[in-house]
Amino acid sequence: MALRYDNLRKAEKEALEKHRAAWGGWMSDLIKGEHLEVGYPLESDGKRIDADGAHDYHFPDTTEGGFIVIKAESLAQAAEIAQSAPIIKNGGYVLARPCGEMK
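A brief look at the structure comes next.

Rules used throughout
Residues numbered from 1 in each chain as written. Predicted model: local features only at pLDDT ≥ 70, side-chain atom pairs only at ≥ 80, totals over all residues. Heavy atoms only, no water. Buried < 20%, exposed > 50% of the residue type's maximum accessible area, 1.4 Å probe, protein only. Helix = DSSP H or I, 4+ residues; strand = E, 2+ residues; numbered from the N terminus. Arc of directions from axis to C-beta. Pairing = 2+ DSSP bridges. 1 Å grid on protein atoms, 1.4 Å probe; cavity = no way out; pocket = protein on both sides within 12 Å on 5 of 7 lines; lining within 4 Å. Points joined across faces, edges and corners; volume = space filled by probe spheres on them. Nonpolar A, V, L, I, M, F, W, Y, C, P; charged D, E, K, R; others polar.

The next point concerns helix H2 (residues 75-82). Those residues of H2 that fall on the buried side of the exposure criterion are Ala78, Ile81 and Ala82. End-on view of H2: buried residues confined to an arc of 95 degrees, all on one side of the axis. Looking at H2, the residues exposed on the side facing more than 90 degrees away from the buried face are Ala76 and Glu80.

In the sheet, strand S2 (residues 45-50) pairs with strand S3 (residues 53-58) via six bridges, with the strands oriented antiparallel. Looking at the pairing, Asp45 lines up with His58 of S3. Linking S2 to S3, which pair antiparallel, is a turn of two residues.

Turning our eyes to something else, we now look at the layout of surface pockets. By volume, the largest pocket amounts to about 1400 Å³. Considering the residues around the largest pocket, the lining is formed by 42 residues, among which Trp23, Gly66, Phe67, Ile68 and Val94 are closest to the centre. Listed by contribution, the elements that provide at least two residues to the lining of the largest pocket are helix H1 (13-32), strand S1 (36-41), strand S4 (66-70) and H2. The residue makeup of the lining of the largest pocket, split by class, is 26 nonpolar, 10 polar and six charged. In terms of lining residues, the second largest pocket is bounded by His19, Ala22, Trp23, Trp26, Ser84, Ala85, Pro86, Lys89 and Asn90. For the lining of the second largest pocket, the secondary structure elements donating two or more residues are H1 and helix H3 (86-89). Top contributing element to the lining of the second largest pocket by residue count: H1, with four residues. Here the lining of the second largest pocket is composed, by residue class, of five nonpolar, three polar and one charged.

Printed below as a string of structure tokens:
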């Protein structure tokens, strides 16, 4: 089972402990390297907002399960940092893109 924020309660104890240890260690490394800005897991139930208003929405498992904003000198460095993310070993992927500035 691919572990996501919403299914952690269903995970076997050993798998959950390994998952949390991997994420805790990786996030700690980001902090030590002064790369972490902010990051949160995302729950699957939310709202979709369009011209007709706000509607309950369940995000499929194929969408992103969280986000992390890191400090990096370049997109290449961000990709290098992301290669060690626990989600990679969990069968997932990371999308990296630069943040623009509000002008």
